[in-house]
Structures are given as C-alpha cells and as structure tokens.
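Residue-level structure breakdown
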Amino acid sequence: MASVVTKRKTRSQGPPTPEEKPKPKPVVEDDGPIPEVIVAGDDSDSDPEISTDGEESGEDGMSEEGGEGEAESGSEDEADGDDDDFDGSEYGSGEEGDESSGDEEEVDEDARNYVLDVMKDFLTGAVGTNGEGGKEEEANGNGVGEPEGEAEGEAVNPTAAEESDSSEDEVPDRNTIGDVPLEWYKNEDHIGYTKDGLKIKKQARRDQLDTFLARTEDANEWRKVYDEYNDEEVELTKEEIDMIRRLRQGKIPHAEVNPYEPYVDWFEYEDKGHPLSSAPEPKRRFIPSKWEAKKVVKLVRAIRKGWIKLDKPKEKPEFYLMWGDDLKTSDKTANGLAYIAAPKTKLPGHEESYNPPVEYIPTPEEVKSYESMYEEDRPKFIPTRFPSLRQVPAYPRYINEIFERCLDLYLCPRQKKDRKQFDPETLIPKLPKPKDLQPYPSTCYMEYRGHNAAVTSMSTDSTGEWLATGSMDGTVRLWDVQSGRCRKVWDFGLKINNVQWNPNPQINMLGVAVDKDVVLLSTELGGEEVIANVSSLLTLKEAGAEESPLATWGLDEKFKSLRVRQPFVVQSFVWHHKGDYFATVAPDGITKSVLVHQLSKQQSQNPFRKHHGRVVRVLFHPQRPFLFVATKMHVRIYNLAKQQLSKKLMTSLNEISSMAIHPGGDNLILGSQESKMVWFDMDLSTKPYKAFKNHTKDIRAVAFHKTYPLFASCSDDGTTSVFHGMVYSDLLQNPLLVPLKILLGHKTVNHKGVMDCLFHPRQPWLFTSGADSIVKLYCN
Amino acid sequence: MDTTNGEEVVERQIQVKFVTKLPPALRVVSSAFAIPAKLGRYGLSEVVNTLLGLERPQPFDFLIDGELLRTSIEQFLLTKGITAETTVTVEYIPVVLPPEPQQPRAHDEWVSAVSGFNSKFIITGSYDNHGRLWNAAGECVVLLQGHTDCITSLAPIPAPGSSAKQLQLVTASKDHTLRFWQVALNEVTSSTTTLKPSKRLKGHTSSVQSVAASPSGNEVCSGSWDASIKLWSLRDEPEGEEDTGGKKRRLETGAVSSTEKQVDARATLQGHTQVVGALDWSERETIYSASWDHSLRTWDVETAVNTHTLTSSKALHCLSVGGEGNALLAAGGADHVLRIWDPRLPGTVAPVSQLSSHTSWISACKWHPKSTFHLLTASYDGTVKLWDTRATIPLVTLTQHKDKVLSADWWKDNNIVSGGADSQLHIYLKLNLSF
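Everything numeric in this text was worked out from a predicted model, so none of it was measured.

This part is about the sheet that holds strand S32 (residues 384–388) of chain B. Residue and element names in this part refer to chain B. Reading across from one edge, S30-S31-S32-S33 is the order of the four strands in this open sheet, with antiparallel pairing throughout. Where the open sheet ends on each side, the last strands, each with one partner, are strand S30 (362–367) and strand S33 (396–398). Recorded for the sheet is a direction-independent mean angle of 20 degrees between the axes of neighbouring strands. Taken together, the three bridges between S32 and S33 define a ladder with antiparallel strand orientation. If you follow Val 384 over to S33, its bridge partner there is Leu 398.

Quick look at the structure:
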C-alpha cells in the first residue's frame, strides 16, 4: 500500500515524466488479460487517482488477493446475512475491489472531489459494462466495469483485444501535458512539452483562404484533421475513414468484427453424463456486491450531505424575450407584432338547415313585418323548410356573402397595435390652478377715456398714483389712477411713439418720444423741491448748446421743456433706473440707431459702432450696468462698464417687437410679431426657457410686474394674456410659468388691438391701452 | 293644516305672531295667526295692512330672528333651519322707501368729497381746488379757496358747544398739504363769500388722500401717498389765540391775506406700505386706517403704535367705523364688494359679512350715525346704495349720478348727500329709516 501512496504522489506532481509514462507498457505485454487495464490506465489521465489504484491493485495486490480477500468477504457477508446462496470463491473480484475502496476511504475520507471521482469511476464502469455485455454475464453484473473484474474473468472479448491493439498502434502523443484543459495554454506561444521537456511551439494556423486553396490543390486535403492536442494536422488513413463511416452508420467500427458469431458453449457437458445444469443462473443466487453497496452508501452520503446535487436546476437561457408571451410565441410575426387571425365566418346553425325545427321558422306575419324594417335591422336569412335537400334552391345571397367576406378579410386589422393607454390629461404638466395664484388682474373696473386715437404707450410714476399715456392723436395725457380723471393734456400734434416716466421719484419727469424728438416734460407733481429740481434740470446748459452730430439739446418754448432732437424718428426710449441716463432707439439710424443720453450733463453719445441688424428695442438692466439691445432676431447684452458684448440670446424669433426684463434682472421676456412670446432664463441658457403662442396676431408689448410674480403680453388680436411667472432665488429651481387669464375688452381698430400693457407698480393691476383709444385698468 | 278637497295642493300654513316697535296706532293684536307659508314680504305686508285696517296702505318690512325677510317665509325658515311647527315671531318695520332726489347742485369740477356733518350746511370738496358750503336751499354760501391742487378729502371738526356759531373743517389735497378752515356761521349770507384757510398743515411728501378729525376736535390725522399717517394738533399755541381773533377779523373785513399759519405734524404713524386710502377717528384713543396695501390697521393715539392689523385681499379706498357697538369696520376698495369686519372677534381676520351689489370700485362707505344697521356706499358704477346689514340685498339704490360717485354722506340723519364725477352734488331727502 505504501507504493500506492508514493505512486500517487509522483503522479500528482503534474505532467507525467518520461520515465513514468512507459511504465504500464511492460505490464501490458506481460499479462494477457490485462489490456483492459491499459486502456484504463490511458484513461487514467483523466482521473489519475482512482485508476492508479486500479493499476496498483492490478499490479501489486494481485498476489495477495486470494486469501485476504476471501477471508474478508466471508466475514462481511456473514454480517450482511441477506443472501441465501453464498458462493465465496466465485466473487473474489468483488471483494478485491471492496478492499481497495476501503483503502481509499482511509486515505481521504471526506474529500468531496474524491467522491465525485468515485462516482465518475462508477459511471465509467457502468459504461464499460454496457459496452462489454459478454463479460457482464459472466461476472454476474457485480464487477460493474471494474477493470480487475474483467481481468479476472477469463473471457477475452475480441473487441477489447482489438481496442487494445489499436491503442498499442497509436502514435504516442507529441505533447505531454496530459489531460489538462487546453485553454491553459491558450495565451502561451507553446502548446505543451515534448517528452524531453522542451516546449512545443504553436504552429501558424492556416487561414481559410489557404485552406481552401490547399483543398483545391491537394486531393487528400479533406482527409486531414487538425489535432488540437498536438497542434498538428493528421492525415487519416483509408481504414480510419472507413471506421468513422461505420461509426456514423451505427455499425461496429471494425469491419472484420462479426457481432453475430456462432455461440460457443464453453461448458462441455455432452460427454459428462450428468451436467450440473444448463439452466441459467437463478436470480436467488445473486449476491449483491458489498463493494457496490459501500459505493452506494458513499453516494447516498454524498447526496445527503449535498456534495452531489442530483436534480440540478435547469439552466435558464441567458437571453430571452423580455416582453415575450411564452404561450403565444407562434402568434408573433417576425417583427414581433402580434397579428390578428382573419375573422371566421359564423358556422351554420339550425336556422340555416334545409329543414329547421318548427320554432325557427317565422310566421308569415313576422316575415311581413321584416319588410317594414330598416335594411340594416332586417334579418339576412329567413329560415325556410324544404322536404328534401334536393329541393333547396340556389342561395340567392351567395355572391353577396362572398363579397362581404372578401371585404371583411380585406378590411380586417392584421396587426394588433399596442396603443399606449394613457389619459391625455396626464400629459399636461401639473400646474397650480390660477385660483391659487391670486392676486392677478382679472376684472376691468376703470376706463380712462379721453384720447381720440390709439393709445400707443403708457407709463406710471413710481407710486402708481399717476398714469401718463401717449396717443396717435398727438397728445400725452396725465391721469389720476384712482379716480380716472385726466389731469393734464400736452398736445404735440404729432404721433406719440413712446411715453416713459422717469423712475427716479426725485426727478418727476416725463419723457415723450415724438417724431425725431425726445421731449422731457415736467409733470409738476411732487413737492416743491422736486419741481424745482426738475425745472433746474430742464434748463438748457451752456455745454449742451454745442452742435453735436448725434443729437441737439434745445429748449421747447411751448411746454417749457427740453427737447432732444435726433436725425431719425425715435421709436422708443427707455430710462436708466437711476433716472439720469436714457437710451433712445431710432431704427432708421442704422449705426446711430441707439443713443445714450445723459440728462444732468445734457450730452448724447453713440456707444455702438455698428449693429447686427435693425435695432428694435433697448433696455437697461435693473441693477447692473448692462444694456440689452434687441434686433429683429437676436438680443445682445452689452456690459457697459467693460464696454464689451457679454451675451447673445438666440431667440428663435424673426420679428422681435417688445422686450421686458424681470425686476430680478435674470429673466427676460420677448414678444414677437409672429405672435410668440418667449421667456429667457439668462442664468440657464441663451436659448428660450419657454415659448408661448398665446395670441393669434402680433404681440405689441410685454410687461413684468415689479413686485408680484406676474407678467403679461398684449396683442393685436385685442387680448391681453396674464401669466404667473414665479422666479425662485434657488438657482436649481426653474421659473414656474402659469397662464392665468386672458383679458378681453379692447376692440380691434385698423388691425390694431391692444397697443401697450403696463402693470401698476404696487398693486396687482394691469393697464392696457387699445387702438380703440381707451385705457383700461384690470384689477384683481 | 287644512286639506281642501279636489286637486288643490296641500297648502302649508304657519303660525305667525306680529310684533312691532311702532306707535300704538300701527300695532296689531299680539295673538298668533295662521298664514300661508308661501307668503313673502309683500303678502305679509298685505296681511298686516288688513289687520290694521289702514286707510292708506303702508308697506312694511319684516324681521325674523333679526334678519330681513327677502324670500317667502317657508324658504326663509328652511334656509335658517327654523321649525315651522312653532309660532314664528315676526317683527314688522316700515319699509325704507326711496328718498326724494332734489335738484342737483352743479360744481365746476368733479366733487371729490362731501360731508353732511353740519345740519344746516353741506360741505363739498372739488377737483377745482375749492371747498364749498351749501345751505339747505341749495345755494353755495362759502367758497373755500386756498388749495393749489384738487381736494381729495375733508373732515369737519366736531367742536362741542360752538357748533352753532362756527364750523371748523380740514381739507386734504393733492398739493401735499391740508388746510384748516374756520367758518363763522352767523356771518353766512345767501351770497357766496370766499374764505381763506386759517392754517396750513404741511409735512406730507406726497398727495394727501384722507383726513379724519378726532372726536375732541383738537387734532386731525391724515393719510397720504407717502404711506404715512400724520397727526396734527389744531389747538392754538398761547399766542395763537389772537390769530383766531385776527382771522375772524379778516373774515369780517373780507380781506385776503396769505398769512395763513403753518402747522407741522405732531406725530407720524409709520406702518402702511402704500397710500392710506381712508381714516376713521371716531373713538378718542383709536385711529383706524385703510390702505391700498390691503391692510386695515388700528393705531393707538397716545403711543402712536399699530395695535391691530386686519388684512383684506384688495386695495382699500374707504373705511367707516360704526354699526353694532360702534365697532364694526366697513371698508371698500378696488373691488365691488363691501366687507365688514368685527375686530372684537378673537382670532379672525375674515370679514363677518360681505355686501356685494355694486359693479365697480366702492369709493365711499358710511355707517348711519345713529342706526346700527344702516350703511351707505357709493361706487364708481354711478350708484349710491343703502344697506341694511340684516339683509344681503341693498334696501335702496340711488342712480341719479351720471358718472362715478366719489363721495357720499348722511345729512341730518335721514337725508343722503353724494357727489361724483358728473360734477353734481345730489341730495336725497326724507328717508324714513326706523332704528
């Protein structure tokens, strides 16, 4: 047994050394019946331990087998005591195996892989049994595949002999790595080692083209088989190919083997007067193998301990149709669309019978009543009775029905389209209800009447006590907001383009854009100091008297005011929030279209050398030194302190008409003549944050409320839209924009609707001025 | 309940007992009557008239549980949840009939303020910068000339004892000042005399929107567009005594002098953020103010501290304190609803009642000086309405004005005066109020 251990050790060291390998060969030559062992030995590369044991026992334990084995078996069997007929001498082989297995158990008892090996051994044995039916009979099925048993049984199977021959004939492997997975050498540049321990280099594989060429050139190319283990091409001989063909056909590979050889009766009893029995061995004489029982016990134990898992869970396919309906895969077309089977025609029932039961047949009254029915309601088929099938006339509706059926087939839906089932309501973003966003202007309570033509522009003072309006009738009117009383009228005689109240309450002054002039009027409101301050500002300074190419500052005698004359028509102008500067827009001025004027010094300057397009509006940032210049398609933001362009807004509009800035200074709304309004969050992007198409005609003006989160737009369609526009100080939160109300009331005159809209500076009220010469005040 | 035969519907009847506070000639027997439940005010009035057997039928209004009957009795009881099984006590009062409109008094400009404080004269302030005194005959007897901008509000000063001889008033104007006027009533003749102000109250930095005089007559408070309320003392300094005499002298001589005395504010109440639209100083220690910043504030005069704040949802233009316990605040503004708050109710800021019948802004509201239920409102829709707080429908609607009504007041308890944007002062006489 010591030898067994040593052997095992040497074996387990790795690839077999050249000294070791040829060792079994002499054994083969010595012993006649051993060849099976050799086969096993060759196999043993796959499971070295067990087969080594087999070899060992075959080699060393052969001599002591007899006595020891029998003695043991006898005692063991007595202990079992479940066999009726015990024949110790005959089943020595079983006992022998038993002993060896016992040894194994001693050596490594709990090693799981060992058990697995045992099982493997067992299974290969069983395979062997299947293959070698003849031996099996003799061994009484107890030595199941046990090589020693076969060796013991004297029967020499010709097939086995052949096999042993062929294995002998086999060219020894060039590669000596043994039965290890070849992928271990996958990334190496050698495939293994020669028996001298030299590396075998990988050969360059031929590519497909080469293979193809070789196949066309060499007639024997097809015989070649690539031996992955030795990394060489082997040319099969004719015999080998024949063998393969026979295997494929399910025949015995060797042609010379006759599986149906005449039966040779090994027991001679003709001349023996009284044969023992020619009857086959009775079943009761069967003694189960103890060795086998022990193996079974081991397997059972392994199963119980969970080393062997018998029913492995079925492997699920790695990829599967996620949305597939397992049952109805056949219903799926190649596109994965479910199709609908063509509608089936109704099967004929009793009604359609030639001889229907009486209750199906309508009475004549009923038949008559059908005639009064509508065509659609009328039954298509009236059951009628015939004495015999032969008398049934031709079916009059046959053609019709076929046609209808064709129509049905033609029009029937062929695919089941998966329409998403959702409520359209859910698509609308969840916005708060306008009711919860009060206050906002909703009802018109006041009307300021007095103008005779469209009111183009409006402005309020900083407290919201007064309202100034400019109109096409050439007048500027000053209104008391609360009472609706017109306090003052300045008649310019020319169309008023823009009216802007100076935002500084200390400079209570009104700027009016008329034709080519900007006229600065004193409102004569406010305290005495304010009035004195304004009148001092409105006196012409000496410096301003100099002729300047940009603008001429002069006195207006009629209104006792300052008049800034420019070479082009001033369309709009806007005050800086401190009230000292104002910027004018004269779109025709091209390079001189935007001028910035300083009130205290009475000077004008042109900050821009050129403009990219026709300037429509300008706007001062409410806090910082920025100037917004809106051309027809873009808004450019200039930093006045650094005198450079700081941002350009891509408006996606074609005709900007109006612009308003949020009092926070980060949000801008633009109205356009294509009736679109866009909201810019300038912190977010230079592209519009949101666009509204809430009007049907040109937007005339847009406005922000100074304190309430409100903004509005008015349009030539006669409506004014009021929106909730909440801007959060948290930069992560986008502005919340909710349409609140559409204010109607202004009439459209000459395709002009609402000309201007303006929020009251302190109340949630909105002034709108219309082409119908009325100014309306909408209150919350 | 009696069921008449035939197909007539079963007619419910209700036991009713009529009571009244009217003189004995108009009292009915205090026994209960069964009357049809579907009777309304008119039907009940007929019943009472029949019971009284008056020669000339007189219309009555009916009160059940302190509320005026405006529907049928049955419906009233249903909505109020009163059982119809018991005897219902119904109080009847004479119906308030529309007053008789008088010939309007024309002004040069819009009439912005009107007061019926004095029983002999009606005071008006106008957008032509002048104040006027009208006598009962409809003649303008005094022209108050002194403001340089339109008068927005005026407040007659209660002067105990001397009311018969002298009328004092303060006017507020858009010229940022208030002026104090003293009119010697015994000097007044039927021809128009021009009067100059005796004091100029200067201090506001913006238009003065509202003014109210203290009950003692020594002080006035004014609210302005500069969002402050200023207190002014009218009591003359020791040397001022002569001045008063001097003014009288001037008035006698009719001399025009620009030596009006300038008065500075005694205190400023800061708290409102927008224009103070209306003020009320009917209690000695408390000033009520209503502002466009939607708040109604109560101020303690001594400490000049805001003691209580009520918030409305709309800008407020007018305010009146009165009604039950002289404590209800009625205020109207940039809305068509008149709201009444009860500041005595703890923990509530919601109005106790809302009277809505106007169609435009309410420009003025005034509690009746004696009645606890009657209230007058003027609106930009051109109407003056008389309300009874026991009903939600106005008692009387006066539609004489052709434009916005800017101001309205009671005059001699049962007459109404109102002025508006049609530059007319309208006087409605003989309103038969019962209180």
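One widely used convention gives an interface's size as the accessible area the parts lose upon coming together. Each side of the interface is counted separately: chain B has 18 residues, and chain A has 12 residues. Considered class by class, the residues forming the side of chain B that touches chain A number nine nonpolar, seven polar and two charged.

Let us look at unusual backbone geometry. All names here are of chain A. In this structure, Pro 439 follows Gln 438 across a cis peptide bond, with omega equal to 5 degrees. Among the structural elements, Pro 439 can be located in the loop between helix H16 (424–427) and strand S7 (443–449). In this model, Asn 750 sits at a positive phi of 55 degrees, which is unusual for a non-glycine residue. Along the polypeptide, Asn 750 turns up in the loop between strand S32 (736–743) and strand S33 (754–759).

Now for the sheet that holds strand S14 (residues 177–184) of chain B. Residues and elements named next belong to chain B. One open sheet holds the five strands; their spatial order is S12-S13-S14-S16-S20, and the pairing between them is mixed. Each edge of the sheet is formed by a strand with only one pairing partner; in this case those strands are strand S12 (151–157) and strand S20 (261–263). Across the sheet, the mean angle separating the axes of adjacent strands is 25 degrees when strand polarity is ignored. The pairing of strand S16 (residues 199–202) with S20 spans three bridges and is classified as parallel. Note on S20: the bridge partner recorded for Lys 199 is Lys 261.

Looking now at the pairing of strand S27 (residues 328–333) of chain B. All names here are of chain B. The element S27 is largely enclosed, with a buried count of six among its six residues. Burial along S27 is two-sided: the residues Leu 328, Ala 330 and Gly 332 and Leu 329, Ala 331 and Gly 333 are all buried. Sheet analysis places strand S26 (residues 316–322) next to S27, joined by six bridges and oriented antiparallel. By the bridge assignment for S27, Cys 318 is matched with Gly 332. The hairpin turn running from S26 into S27, its antiparallel successor, is five residues long, and Gly 323 in that turn takes a positive phi close to 75 degrees. As paired elements, S27 and strand S28 (residues 337–341) share three bridges and run antiparallel to each other. Within S28, the residue paired with Ala 330 across the bridge is Ile 340. Hairpin connection from S27 to S28: three residues lie between these consecutive antiparallel strands.

Moving on: the nonpolar core. Membership of the largest hydrophobic core comes to 195 residues, with the highest contact counts inside it found for Leu670(A), Val702(A) and Ala712(A). Ala712(A) has contacts with Val702(A), Ala703(A), Thr720(A), Ser721(A), Val722(A), Phe723(A), Cys757(A), Phe759(A) and Leu766(A), leaving out every residue within four places of it along the chain. Core analysis: the second largest hydrophobic core is formed by 16 residues, Leu44(B), Phe76(B), Val90(B) and Tyr92(B) among them.

Cut-offs applied
Residues numbered from 1 in each chain as written. Chains lettered and ligands numbered in written order. Predicted model: local features only at pLDDT ≥ 70, side-chain atom pairs only at ≥ 80, totals over all residues. Pairing = 2+ DSSP bridges. Helix = DSSP H or I, 4+ residues; strand = E, 2+ residues; numbered from the N terminus. Axes fitted to C-alpha atoms, helices over the stretch in contact; angles between N-to-C directions. Contact = placed C-beta atoms within 7 Å. Nonpolar A, V, L, I, M, F, W, Y, C, P; charged D, E, K, R; others polar. Buried ≥ 20, exposed ≤ 12 C-beta atoms within 10 Å, placed from the backbone. Core = buried A, V, L, I, M, F, W, Y, C linked by C-beta atoms within 7 Å.

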